[in-house]
Amino acid sequence: MWVGRHPGFWAGPARDFAGWYFNLQDPVRRTPIGVDTLDHELDLWWAADADRYVWKDVELFAQRLVEGRYPGMADAIQAEGDRIAALLDAGERRWDRSWATWQPDPAWTAPPLPAGWDQVPPAR
């Protein structure tokens with residue numbers, strides 16, 4: 001189990017800080033065409049103007065369990081979300097609040113994608 005702790009989200013062209021997001025997902029792993037993971041649907045969101053986080057996609061997570069999406073993982077996924085919530089409730093903040101004002105360097109450009117980046121290589 002891995003939690004993608006996204007330091008923050010911004011909205012609009014002025015990059016208004018929107019809040020902190022905790023994404024429950026499988027560890028990121030290399031594949032022949034890049035990286036992959038599996039989102040666990042259940043997340044926590046702490047809006048910039050809120051006093052407390054909220055759980056996201058609780059109903060969708062329950063639906064995915066009915067569909068058999070996370071066999072043998074449901075308890076671990078919920079436990080990891082509960083662990084994060086308990087840390088937040090206890091005042092733990094594993095991020096620097098200055099990240100809310102972070103700006104990318106305007107000189108940065110997106111690197112070109114290599115030829116065939118969108119093709120899955122044949123199985124060996």
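If you're wondering where the values come from, they're calculated on a predicted model, not measured in any experiment.

Enquirer: Help me out: how do you make sense of the overall build of the protein chain in this one?
Expert: Of regular secondary structure, the protein chain possesses two helices and six strands. Start at the N end of the protein chain and walk to the C end: the helices and strands fall as β-β-β-β-β-β-α-α. Taking 124 residues into account, the globule formula puts the C-alpha radius of gyration at 14 Å, and the protein chain, at 18 Å, lies well above it. Along the longest, intermediate and shortest principal axes, the C-alpha atoms of the protein chain span 50 × 45 × 20 Å.

Enquirer: Would you mind going over the environment of A107 with me for this structure?
Expert: Take A107: it is sitting in the segment after α2 (74-89). Through-space distance from the C-alpha of A107 to that of L24 is 32 Å; in sequence the pair is 83 residues apart.

Enquirer: Sorry, what's going on with the side chain of R64 here?
Expert: The topology assignment puts R64 in helix α1 (residues 58-66). Look at R64 and you get buried, because its relative accessible area is 17%. Not counting residues up to four positions away in its chain, the partners in contact with R64 are E41, R69 and Y70.

Enquirer: Honestly, the pattern of salt bridges in this entry has me stumped. Any pointers?
Expert: Working definition: two side chains of opposite charge can pair if their charged atoms are close together. Under the defined criterion, the tally for this structure stands at seven salt bridges. Here R64 and E67 are joined by a salt bridge, their closest N and O atoms 3.2 Å apart. The exposure class of E67 is partly exposed, given its relative accessible area of 43%. The shortest N-O distance in the salt bridge between E80 and R83 comes to 2.8 Å. Separated by three residues within a single helix, E80 and R83 lie in helix α2, roughly one turn from each other. Owing to a relative accessible area of 14%, E80 belongs among the buried residues under this scheme.

Enquirer: Even after reading the chapter, I still don't get the nonpolar core, so can you show me in this structure?
Expert: Buried together is how nonpolar side chains tend to be arranged in soluble globular proteins. Counting 10 residues, the largest nonpolar core consists of W20, F22, L44, W46, Y53, I84, A85, L88, W95 and A100. The set of elements that each furnish at least two residues to this core consists of β2 (16-25), β5 (39-47) and α2. If one sorts the elements of this core by residue count, α2 sits on top with three residues. Here W95 is in contact with W20, F22 and L88, once residues within four sequence places are set aside. With five residues, the next largest nonpolar core counts L24, F61, Y70 and I77 among its residues.

What counts, and where the lines are drawn
- Residues numbered from 1 in each chain as written.
- Predicted model: local features only at pLDDT ≥ 70, side-chain atom pairs only at ≥ 80, totals over all residues.
- Heavy atoms only, no water.
- Helix = DSSP H or I, 4+ residues; strand = E, 2+ residues; numbered from the N terminus.
- Rg over C-alpha atoms; globule rule 2.2 N^0.38 Å.
- Buried < 20%, exposed > 50% of the residue type's maximum accessible area, 1.4 Å probe, protein only.
- Contact = heavy atoms within 4.5 Å.
- Salt bridge = Lys/Arg side-chain N within 4 Å of Asp/Glu carboxyl O.
- Core = buried A, V, L, I, M, F, W, Y, C linked by side-chain atoms within 4.5 Å.

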